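Descriptive analysis of the structure
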Amino acid sequence: MLKFTNLTIRNFLSVGNNTQALKLDQGELVLVLGENLDLGGDEAGDNRNGVGKSMWVNAISYALFSWTVSPIKKSNLINNSNGKSMLVTLEFESNGKKYKIVRGLKPRILEFYEEGELKSSENSEEDSDDFSQGDSRETQKEIEKIIGMTYEMFCQLIAVSTYTPPFLFQKSADQRLIIEQLLGITLLSKKAEKLKDEMKLSHEFMLKEEARIHASESANKRIQDQINILLKTQKNWQEHKDIAIIKLQREIEKLSNIDIDKELSLHSEWEKYQKIEGKQDELLSQKRQLEFLQEKEQVKLDQVEKDLVSLGNQYCQTCGQKLNTEIQEKLIQETTGKKKKSEIEIKTILDGISLIQKEINELPTKEKPEKTSYLSVANAHDHHNRLMLLTQELKQKEAESDPYQAQIDSMKNTALEVIDKSALNEMSRFIDHQEFLLKLLTSKDSFIRKRIIEQNLDYLNGKLGHYLAILGLPHEVVFQNDLSVSISEFGRELSPGNLSRGEMSRLNLALGFAFRDVWENLYQTVNVLILDEVIDSGIDNAGTDCAVKLLKNMSREQGKDIWLISHKDYLSSKCSKICRVIKSGGYTHFELDD
């Protein structure tokens, strides 16, 4: 239950520096009448205006929302005479807790108490009453959250005033907003806004999680690239090792298959064979040299014999001239000596050739031995050592450990991060669910919205018909599912403009009462109801009597604290309690008569 209990006012509008207090929970219908003593009091006739009857309604509104019901500039809320230290204090209860709001200007003040403990405070010497920033904005949100209504709903449900435009004469969008707030549809919008904030956090989590996973995947890729390089290097190392082992095994196998004794014997045979071959080559070379000298000497001998023939014919062997006998004989003698010398030389050469050939013929005949495994006998003698070294080298090569595997395993087991996408996938499903809920909360065709309207419109229309009947209005006013309003009288459709002033006033009262019942049925009950001159406008005495009777029943049966502000003095006899708002000496004070 929302229960307003106490109101105090100082330097607010026509209230001066003397604080005025008003107990709001009177438990019955209170008639509020004004009296302007500055204009002569009751004896002066019509002196009900300008005394400040609506002032305390504005004070409640100002305390709750920083706005008044009447259209008054905030700078004009401060008492003109004193011009400072304006202060309004409102005490109320909600859900079993006691709260107090202290709001003022010059200096600017906003204090909010819960169970006597100061929850937030804003004090400033500035003239501005702008509480739209910082802590004050959060405090205002907290106040509206606790009382459960906005300023617009306050003007419809608690402070029903002639300053508030009649519901049916408001714009369609404003009418829809009021009905949506009343039926709780705006709660869907608030929940949607809250859901959007939660979705923003969800998307931020998604972005952070995606960034984290992307960073991990990038790091893993770099590490995997390094692992791949190591694996390739490892493969090359293993291939080279395998090739080296195979090569050693083949060499060992080849050496193991060699008959070393036979190998040494072959080397001995090759040594003998090469000696014979060398000797034979040497003799053949000498023989070729002698044969060359023989051929050369034979050419000289052949020339000498030709010269002797020419000399025998008395011709010169050189120029071919005729020779005398003396010269002929001398030349024949010289040439004959040359011939003998050549013949001796040739014979000596032939003897040498014969001796060489004989030596060649005497050389032993030997077949070419088999090919050896080793190039030299020294290598053959080192066979056992080489075989032992190769065997040892093979064992060492086979025992070589992989220098890369430990590093690869370490990088795989410690450097590579296991990427868990379960949280990302879960959040993705959660966001899908949030988006589905958002559509349910925001779509005009949502079954939730339709269900809320269907459930509550029947109740609203029923209550509206009930109050119209009590107030003596024969019209049928019905809210449709699209939240539009239809008005008819005896089957004839009407517009709001077809109604008389009195009919419109009674319809506005019925709407206010019906709205309040719907609100209290859906949310929480409210003890205070203030009607500011709404029965003074166009309603005859019979209509007024019906309205007062209804208000008295509401106060008695529902325990409501109803404040009826009016100019109609005759209502004093119909109300057991009267609050007089008296203006004297330019200042207003309250007097409560039982």
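Bear in mind the structure is a predicted one, so any value in this text is a computation, not a measurement.

The rules we used
- Residues numbered from 1 in each chain as written.
- Predicted model: local features only at pLDDT ≥ 70, side-chain atom pairs only at ≥ 80, totals over all residues.
- Heavy atoms only, no water.
- Helix = DSSP H or I, 4+ residues; strand = E, 2+ residues; numbered from the N terminus.
- Expected span 1.5 Å × (residues − 1).
- Bend = angle between axes of the 7 residues up to and from the residue.
- Buried < 20%, exposed > 50% of the residue type's maximum accessible area, 1.4 Å probe, protein only.
- Contact = heavy atoms within 4.5 Å.
- Patch = residues over 30% accessible without salt bridge, like charges linked within 9 Å, V, L, I, M, F, W, Y side chains within 5 Å.
- Areas by Shrake-Rupley, 256 points an atom, 1.4 Å probe, with all protein chains shown as cover.
- Salt bridge = Lys/Arg side-chain N within 4 Å of Asp/Glu carboxyl O.
- Pairing = 2+ DSSP bridges.
- Axes fitted to C-alpha atoms, helices over the stretch in contact; angles between N-to-C directions.
- 1 Å grid on protein atoms, 1.4 Å probe; cavity = no way out; pocket = protein on both sides within 12 Å on 5 of 7 lines; lining within 4 Å.
- Points joined across faces, edges and corners; volume = space filled by probe spheres on them.
- Nonpolar A, V, L, I, M, F, W, Y, C, P; charged D, E, K, R; others polar.
- Phe/Tyr/Trp six-rings, centres within 6.5 Å; stacked < 30°, edge-to-face > 60°.
- Lys NZ or Arg CZ within 6 Å of the ring centre and 35° of its normal.

Right, let's talk about helix H12 (residues 447–470) for a bit. Taking 1.5 Å of rise per residue, 24 residues should cover 34 Å, and H12 covers 35 Å from first to last C-alpha, within 8% of that figure. For H12, the principal kink sits at Asn456 and spans about 30°. Residues of H12 that are buried include every one of Arg449, Ile452, Ile453, Asn456, Leu457, Leu460, Asn461, Leu464, Tyr467 and Leu468, and no others. Lining the buried residues of H12 we find helix H4 (172–183), helix H5 (185–256), strand S9 (476–479), helix H13 (501–522) and helix H14 (541–558). Looking one or two residues past H12, Gly472 carries a phi angle of roughly 75°, positive in sign.

Let us now look at a nonpolar patch on the surface. There is a patch of nonpolar side chains on the surface, built from Leu187, Leu522 and Tyr523 and spanning about 210 Å² of accessible area. Locating Leu187 in the fold gives a position in helix H5. Residue Leu187 is classed as partly exposed on the basis of its relative accessible area, which comes to 35%.

The subject of this paragraph is the sheet that holds strand S10 (residues 485–489). Pairing is antiparallel in the open sheet, where three strands are placed in the order S9-S10-S11. Of all the strands in the sheet, just S9 and strand S11 (492–494) have a single pairing partner and so form its edges. Here the average twist between neighbouring strands, direction ignored, is 35°. Direction of pairing for S9 relative to S10: antiparallel, over a ladder of four bridges. By the bridge assignment, Phe479 is partnered in S10 with Val485.

Cis rather than trans, the peptide bond between Lys106 and Pro107 has omega equal to 0°. The phi dihedral of Ser85 is positive, around 55°, even though this residue is not glycine. As for its placement among the helices and strands, Ser85 is situated in the loop between helix H1 (55–65) and strand S4 (86–94). Even without a glycine there, the phi angle at Phe490 is positive, about 55°. With respect to the element layout, Phe490 can be found in the loop between S10 and S11.

One number sums up the size of the second largest pocket: a volume of about 350 Å³. Around the second largest pocket, the lining comprises 18 residues; the ones closest to its centre are Ser161, Thr164, Pro166, Asn508 and Val534. Elements supplying a minimum of two residues to the lining of the second largest pocket: helix H3 (151–157), strand S8 (159–161) and H13. At seven residues, the largest contribution of residues to the lining of the second largest pocket is made by H13. Classifying every residue of the lining of the second largest pocket by side-chain character gives nine nonpolar, eight polar and one charged.

Under the 1.5 Å per step criterion, the end-to-end length of helix H11 (residues 422–442) is 30 Å for 21 residues, consistent within 8% with the ideal 30 Å. Its buried side turned inward, H11 meets H5 and H12.

The next point concerns the sheet that holds strand S3 (residues 29–36). The strand order S8-S12-S13-S3-S14-S15 describes an open sheet built from six strands, whose pairing is mixed. Single-partner strands in this sheet number two, and they are S8 and strand S15 (587–593). Going from strand to strand, the sheet's axes swing by 20° on average, the running direction of each strand aside. With five bridges joining them, strand S12 (residues 528–532) and strand S13 (residues 561–565) adopt parallel strand pairing. When the sheet's bridge partners are listed, Val528 is paired in S13 with Asp561.

Inspection of the entire model under this criterion finds 13 aromatic pairs. On the basis of an interplanar angle of 85° and a centroid distance of 5.7 Å, the ring pair of Trp270 and Tyr273 is categorised as edge-to-face. In this pair, Trp270 and Tyr273 are both assigned in helix H6 (residues 260–312), three residues apart and thus about one turn of the helix distant. For Tyr273, a relative accessible area of 14% puts it in the buried group. One aromatic cluster is present, formed by Phe4, Phe92, Tyr99 and Phe112 through successive ring pairs. If you follow Lys74 out to its NZ or CZ, it ends over the ring of Trp67, 3.9 Å from the centre.

Side chains that differ in sign of charge can pair as their charged atoms come close. This model, assessed by the stated rule, comprises 25 salt bridges. Note that Lys347 and Asp351 form a salt bridge whose closest N and O atoms lie 3.4 Å from each other. In this pair, Lys347 and Asp351 are both assigned in helix H7 (residues 325–362), four residues apart and thus about one turn of the helix distant. Using a relative accessible area of 51% as the deciding quantity, one classes Lys347 as exposed. By relative accessible area, which is 38% here, Asp351 ends up partly exposed. Members of the salt-bridge network, linked through shared partners, are Lys3, Lys23 and Asp25.

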